[in-house]
Amino acid sequence: VLAEANPARYGSLWRWFDEVYVLLELLLQQHYLARCSASFSENFYSLKRIPLGEGTRRPLATAGLPKRQHWKSLLLLVLVPYLKGKLEKLVSSLREEDEYSIHPPSSSWKRFYRAFLAAYPFVNMTWEGWFLIQQLCYILGKAQHHSPLLRLAGVRLVRLTAEDIHALETKLAGATSGQTHSFTSRVQLAVRKALGGIAFSLSTGLSVSVFFLQFLDWWYSSENQETIKSLTALPTPPPPVHLDHEPSSALLPKLKTVCPLCRRIRVNATALSTSGYVFCYRCIYSHVKAHQRCPVTGYATELQHLVKLYSPES
Ligand SMILES: [Zn+2]
């Protein structure tokens, strides 16, 4: 949105959106992996990653993952989706070029990307099928992972225990009130605190802004124009409450042809479009002019709401 509004300044940002996004995501996931050995969303659902083959020994979430699993997790969390997205974009652009035959024919390059285009759906299908089978196995209790990426990273997900949550809380508190002795350690702490602050604000800001962006996306999507119109249009007023069931409306005469104001047979019957009651024209005109309301129901009424009635016998 920013780039669309100001293409001169933010255009480059838009062009490198994927890369900037990956960088930010890398920072965010690194922060979460180091702090609570889980990705951002896993932490949100109070899960943690533990290394495979640990048996029953479960390290605390604050302990972090071993270096190998940590970096593998980070790469698989951030880079694999990025590369997959890039590949999909490449394929769609190649397909377009193929349709409009932009590249000169009979080059070896063309043969290559023809083969690539032909092979890509199968590769993609295998990839998705792998995920599906893994998920099925997970549901049936045959596998420890719902996603092959977790197995590649050499970790599995478990719920946070009470000790984990306690340790996370004390770690958060400890980060803000650390005791320092030397100048260098103090500087280190300050840098770490600043980085932590940046990452923290980034993570909270990110979740809010992601929601906001999703909302904007939805708001501006073309198929929602009808919904928006119905939302932004004036609301339908509620049906009027009928007060005449109450005994307090003693104003109303028993006879239907009698004016409630002068209590005589109506002359020049006139209805109010706001309440529907009928009066003499002269009575209601002066009443509305003086009080701007219906004498029976009290609904706000102007002179323009008077409707003259013409019965067939008059
Ligand atoms: Zn009257």
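- Taking an unreviewed UniProt entry as the reference, the chain is identified by name as Peroxisome assembly protein 12 belonging to Sclerurus mexicanus.
- The annotation that UniProt attaches to the chain under Sequence similarities (unreviewed entry) is "Belongs to the pex2/pex10/pex12 family."
- Entered under Subcellular location (unreviewed entry) in the UniProt record, the comment concerning the chain runs "Peroxisome membrane".

**Things to note about the confidence of the model for the chain**
Part 1 of the argument: Here the chain shows a mean pLDDT of 72. Residues at 70 or above account for 65%.
Part 2 of the argument: Looking across the chain, the model is least confident in helix H1 (residues 2-5), with a mean pLDDT of 47, and most confident in strand E3 (residues 269-272), with 91.
Part 3 of the argument: Low pLDDT, under 50, characterises residues 244-248; the stretch is placed with three contacts to residues that sit more than four places away or in other chains.

**Comments concerning the packing of aromatic side chains**
Part 1 of the argument: Under the defined criterion, the tally for this structure stands at four aromatic pairs.
Part 2 of the argument: Seen from their ring centres, Trp 127 and Trp 130 are 6.0 Å apart, and the 75° between their planes marks the pair as edge-to-face. Separated by three residues within a single helix, Trp 127 and Trp 130 lie in helix H6 (residues 108-139), roughly one turn from each other.
Part 3 of the argument: Take Trp 127: its relative accessible area is 26%, and that puts it in the partly exposed class.

**Describing the side chain of Thr 301**
Part 1 of the argument: Within the secondary structure, Thr 301 sits in the loop between helix H11 (281-291) and strand E5 (306-308).
Part 2 of the argument: Classification of Thr 301 by relative accessible area gives buried; the value is 1%.
Part 3 of the argument: Among the polar contacts listed, one links the side chain of Thr 301 to the backbone nitrogen of Cys 294, at a separation of 3.5 Å.
Part 4 of the argument: Once you skip the residues sitting within four places of it in the chain, Thr 301 turns out to touch Leu 272, Thr 274, Val 288, Gln 292, Arg 293 and Cys 294.

**Notes on a nonpolar patch on the surface**
Part 1 of the argument: A cluster of nonpolar residues, Leu 132, Leu 136, Tyr 138, Ile 139 and Leu 140, forms a patch on the protein surface that exposes about 560 Å² of accessible area.
Part 2 of the argument: Topologically, Leu 132 is positioned in helix H6.

**A few points about unusual backbone geometry**
Part 1 of the argument: Non-glycine residue Arg 263 carries a positive phi angle of around 60°.
Part 2 of the argument: We note that Gln 292 has phi near 50°; this positive angle belongs to a residue other than glycine.
Part 3 of the argument: Here Gln 292 falls in the partly exposed class, since its relative accessible area comes to 37%.

**Re the nonpolar core**
Part 1 of the argument: Listed in full, the 11 residues of the largest apolar core are Cys 259, Leu 272, Tyr 277, Phe 279, Cys 280, Cys 283, Ile 284, Val 288, Cys 294, Val 296 and Leu 306.
Part 2 of the argument: Sorting the residues of this core by element identifies strand E4 (278-280) and H11 as the ones contributing at least two each.
Part 3 of the argument: Here the element with the most residues in this core is H11; it accounts for three residues.
Part 4 of the argument: Setting aside residues up to four positions removed in sequence, Cys 283 forms contacts with Cys 259, Leu 261 and Cys 262.

Parameters and conventions
Residues numbered from 1 in each chain as written. Predicted model: local features only at pLDDT ≥ 70, side-chain atom pairs only at ≥ 80, totals over all residues. Heavy atoms only, no water. UniProt positions renumbered as here; feature names shortened; annotations may be inferred. pLDDT = per-residue confidence, 0-100. Helix = DSSP H or I, 4+ residues; strand = E, 2+ residues; numbered from the N terminus. Contact = heavy atoms within 4.5 Å. Phe/Tyr/Trp six-rings, centres within 6.5 Å; stacked < 30°, edge-to-face > 60°. Buried < 20%, exposed > 50% of the residue type's maximum accessible area, 1.4 Å probe, protein only. Polar contact = N/O pair within 3.5 Å; in protein donor to acceptor, adjacent residues only side chain to side chain. Patch = residues over 30% accessible without salt bridge, like charges linked within 9 Å, V, L, I, M, F, W, Y side chains within 5 Å. Areas by Shrake-Rupley, 256 points an atom, 1.4 Å probe, with all protein chains shown as cover. Salt bridge = Lys/Arg side-chain N within 4 Å of Asp/Glu carboxyl O. Core = buried A, V, L, I, M, F, W, Y, C linked by side-chain atoms within 4.5 Å.

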